[in-house]
Amino acid sequence: MLHKKDDIRGELLDEVFASTELSVSLPKYRMPPNEHLASHAHQLVIDELMLDGNSRQNLATFCQTWLEPEVRAIMAETLDKNMIDKDEYPQTAELEARCVHILADLWNSPEAANTLGTSTTGSSEAAMLGGMALLWNWRARRREAGKPTDKPNLITGPVQVCWHKFARYWDVELREIPMEGDRYIMNADEVIARVDENTIGVVPTLGVTFTGQYEPVHAVNEALDALQEETGLDIPIHVDGASGGFIAPFTVPELVWDFRLPRVKSINASGHKFGLAPLGVGWIVWRDAAELPEELIFDVNYLGGNMPTFALNFSRPGGQIVAQYYNFVRLGREGYRKVHMSCHDTAMYLAEQISQLGHFEIINDGGAESGIPAVSWKLKEGVEHPFNLFDLGDRLRTRGWQVPAYTMPKNREDLPVQRILVRQGFDRDAASLLMDDYRAAIAHFDAHPIVNSMTEEEAGTFHH
Ligand SMILES: *Cc1c(COP(=O)(O)O)cnc(C)c1O
């Protein structure tokens, strides 16, 4: 075909950026009076999002930011499925049930146990449900014993904000074990020192937000056994396995933290973190149906059929659950192990490279034994630094990297740290590109030392 310039021009009826609609700005906080062409509105909205960060370079988040094309296809194919509507979408409900059983099995639920669980929007909702079950069970035990139920408390290490929410929303005293010196997680002694008859449970975290470390569930379980022998107090454990629940079973199967420990009554995990599902799915599993108080379950009959529900939400997309099931089938245990071990390897490579820069001391090297594939570090003492961690984070932003810098919680607020989450989709090559930018940033500060460093507030960073 000959290139007929004039004919082609004649067919371009309305080139998007030449349209009159895109040559004016839209009111931002009012609805426009009239409709717009779909292609124009789409261009406009998508272009606004150019200013968002590139999620793959966001090393702060624990959430999945790379997804297989097949997962994207599943999400498009399931856009209309409402997971609450189990009568209309019984097969989606079936996949959800299978996921619960797969997780119960992965977390070594005893063969005979009558496990029960549900999907949620994420670990936050799952934590809320787990906390409620602990609270309701404790109240029932207290009432039966004729004792007051007005002063419940919950014991945790330094926790993710969802447990602060749980405590405030349900009026439970949070006994959060503060950090102490170089101890950034709970230990058994600190737990026992806080237990009393009003303790509804202990929540160790598998993959603490601030450092990525695993809390010692097994040691806490043993200490609580000894306590029961001594005092009669029978304290249950809920494990916040938001990240670690989907990692440890594959990378350190010998680590005993799950339903192998009789005190572990329930576990939550985020499907959209190391479960490798797209954003919007979490899980909670109880070791036995008896651990979930019946009063918390509602029966709903108005969607056709009769269905029990225990959740804070009602309508919710079903696609993430289907994608979770796809991942289980697609990867199997060995696939998950490979994905997560490669993240651990990359994390350890980063830890080594970062410590070679001379300015930093590693807190957690991201190896499989100590925690999730997260590297965390602080500035080395006794060395001059022409920058602080907030300056460094800010400088790395010029290359699109988001490496969070933040001060530690209670008792170590004096300590700023940096942390990198290595997830599927952040490979060794990306890590070496990041290290090039680290070296360039430090060379820049060597040449132009910061005389007036940034504060945490000015840096305006946040972490999950
Ligand atoms: C991310 C996280 C949560 C909250 O999970 P969401 O899925 O984001 O709601 C809770 N606890 C820990 C330890 C986490 O890492």
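Residues numbered from 1 in each chain as written. Predicted model: local features only at pLDDT ≥ 70, side-chain atom pairs only at ≥ 80, totals over all residues. Heavy atoms only, no water.

Student: What exactly am I supposed to notice about the overall build of the chain here?
Tutor: Scanning the chain from N- to C-terminus turns up 13 helices and 13 strands. The C-alpha atoms of the chain give a radius of gyration of 25 Å, which matches the 23 Å a tight globule of 464 residues would have. Principal axes of the C-alpha set define a box for the chain whose edges measure 90 × 70 × 45 Å. Here the chain holds 464 residues, and the buried ones make up 50% of them. Residue pairs at least 24 apart in sequence account for 71% of intrachain contacts in the chain once pairs closer than 6 positions are excluded. (Helix = DSSP H or I, 4+ residues; strand = E, 2+ residues; numbered from the N terminus. Rg over C-alpha atoms; globule rule 2.2 N^0.38 Å. Buried < 20%, exposed > 50% of the residue type's maximum accessible area, 1.4 Å probe, protein only. Contact = heavy atoms within 4.5 Å.)

Student: Mind showing me how you'd approach the sheet that holds strand E10 (residues 360-364) here?
Tutor: Across a sheet, strands are paired by hydrogen bonds formed along the backbone, either parallel or antiparallel in direction. An order of E10-E11-E13-E12 is seen for the 4 strands of this open sheet, with the pairing classed as antiparallel. Every other strand in the sheet has two partners, leaving E10 and strand E12 (405-407) as the edge strands with one partner each. The sheet shows a mean angle of 35° between the axes of neighbouring strands, taken without regard to direction. In this structure, strand E11 (residues 374-379) lies alongside strand E13 (residues 416-421), joined through 4 bridges in antiparallel fashion. (Pairing = 2+ DSSP bridges. Axes fitted to C-alpha atoms, helices over the stretch in contact; angles between N-to-C directions.)

Student: In this structure, what is going on with the packing of aromatic side chains? I would like to understand it.
Tutor: The geometry of an aromatic ring pair comes down to the distance between the two centres and the angle between the two planes. Overall, the coordinates contain 14 aromatic pairs when judged by the stated rule. Aromatic pair Phe360 and Trp377: ring centres 6.3 Å apart, planes at 70°, arrangement edge-to-face. Of this pair, Phe360 sits in strand E10 while Trp377 sits in strand E11; the two residues are 17 residues apart in sequence, bridging distant segments of the chain. Overall, Phe360 belongs to the buried group, its relative accessible area being 2%. (Phe/Tyr/Trp six-rings, centres within 6.5 Å; stacked < 30°, edge-to-face > 60°.)

Student: How should the site of the ligand be read in this particular structure?
Tutor: Taken together, the residues surrounding the ligand are Gly122, Ser123, Ser124, Gln160, Cys162, Thr205, Gly207, Asp240, Ala242, Ser270, His272 and Lys273. In the environment of the ligand, an oxygen atom lies 2.8 Å from a nitrogen or oxygen atom belonging to the backbone of Ser123. A distance of 2.7 Å is found between a nitrogen atom of the ligand and a side-chain nitrogen or oxygen belonging to Asp240. Burial of the ligand by the protein amounts to 90% of the accessible area it has alone, namely 380 Å². For the shell around the ligand, the per-class residue count stands at 2 nonpolar, 8 polar and 2 charged. (Near = heavy atom within 4 Å. Polar contact = N/O pair within 3.5 Å; in protein donor to acceptor, adjacent residues only side chain to side chain. Areas by Shrake-Rupley, 256 points an atom, 1.4 Å probe, with all protein chains shown as cover. Nonpolar A, V, L, I, M, F, W, Y, C, P; charged D, E, K, R; others polar.)

Student: Explain the environment of Gln320 to me, please; I cannot follow it from the model alone.
Tutor: Residue placement: Gln320 occurs in helix H10 (residues 319-356). If sequence neighbours within four positions are ignored, Gln320 has contacts with Met75, Ala277, Pro278, Leu279, Gly280 and Val281. Of note is the side chain of Gln320, whose polar atom sits 2.9 Å from the backbone oxygen of Leu279.

Student: Got a minute to help me understand the side chain of Asp437 in this structure?
Tutor: Within the element layout of this structure, Asp437 appears in helix H12 (residues 428-447). A polar contact is formed between the side chain of Asp437 and the side chain of Arg399, at a distance of 3.0 Å. With sequence-adjacent residues up to four places away left out, Asp437 is seen in contact with Leu396, Arg399 and Trp401.

Student: Explain the environment of Ala441 to me, please; I cannot follow it from the model alone.
Tutor: Among the structural elements, Ala441 can be located in helix H12. Judged by its relative accessible area of 3%, Ala441 is buried. In the structure, Ala441 is positioned 354 residues away from Asp87 in sequence and 57 Å away in space, judged by C-alpha atoms. With residues near it in sequence (within four places) discarded, Ala441 still touches Leu392, Arg395 and Leu396.

Student: Please explain a nonpolar patch on the surface as it appears in this structure.
Tutor: Among the surface-exposed residues, Val45, Ile46 and Leu49 lie close enough to one another that they form a single nonpolar patch of about 260 Å² accessible area. Tracing the sequence through the fold places Leu49 in the loop between helix H2 (38-48) and helix H3 (69-77). (Patch = residues over 30% accessible without salt bridge, like charges linked within 9 Å, V, L, I, M, F, W, Y side chains within 5 Å. Salt bridge = Lys/Arg side-chain N within 4 Å of Asp/Glu carboxyl O.)

Student: Looking at this structure, I do not really get the pattern of salt bridges. What am I missing?
Tutor: Oppositely charged side chains are able to pair whenever their charged atoms sit close together. A complete count under the given rule lists 17 salt bridges for this structure. Taking the shortest distance from any N to any O, the salt bridge between Glu96 and Lys86 comes out at 2.8 Å. Separated by 10 residues along the polypeptide, Glu96 in helix H4 (residues 90-106) and Lys86 in the loop between H3 and H4 bring together distant segments of the chain. Of the charged contacts, one joins Asp196 and Arg175 as a salt bridge, the two residues approaching to 2.9 Å between their closest N and O atoms. You can see Asp196 sitting in the loop between helix H7 (188-192) and strand E4 (199-203) and its partner Arg175 sitting in strand E3 (residues 173-176), a full 21 residues away along the chain. By relative accessible area, Asp196 is classed as partly exposed at 24%.

Student: For this particular structure, what's the right way to read unusual backbone geometry?
Tutor: One can expect most non-glycine residues to show negative phi and most peptide bonds to be in trans. Unusually for a residue other than glycine, Asp171 sits at a positive phi of about 60°. Mapped onto the fold, Asp171 is located in the loop between helix H6 (161-169) and E3. Classification of Asp171 by relative accessible area gives exposed; the value is 64%. One non-glycine residue with positive phi stands out, namely Asn411, at about 85°. On the secondary structure map, Asn411 appears in the loop between E12 and E13.

Student: Is there a simple way to think about the domain arrangement of the chain in this case?
Tutor: Accessible area lost upon the coming together of the parts serves often as the stated size of an interface. Segmenting the chain into domains produces domain 1 (2-52), domain 2 (70-327) and domain 3 (340-459). Put simply, the middle of domain 1 and the middle of domain 3, counted by C-alpha atoms, are 42 Å apart. (Domains from an automatic or database assignment.)

Student: Which parts of the structure should I look at to understand the packing of H10 against H12?
Tutor: The description of two helices packed together rests on the angle between their axes and the distance between the axes. Between H10 and H12, whose axes approach to 10 Å, the crossing angle comes to 20°. Judged on the interaxial angle alone, H12 and H10 are roughly parallel. For the crossing formed where H10 meets H12, the hand is right-handed. Across the interface between the two elements, Asp345, Thr346, Tyr349, Leu350, Gln353 and Ile354 of H10 pack against Arg428, Ala431, Ser432, Leu434, Met435 and Arg439 of H12. Broken down by class, the residue content of the contact of H10 with H12 amounts to 6 nonpolar, 3 polar and 3 charged. (Parallel < 35°, antiparallel > 145°, perpendicular 65-115°, else oblique. Left-handed = near helix turned anticlockwise from the far one by under 90°.)

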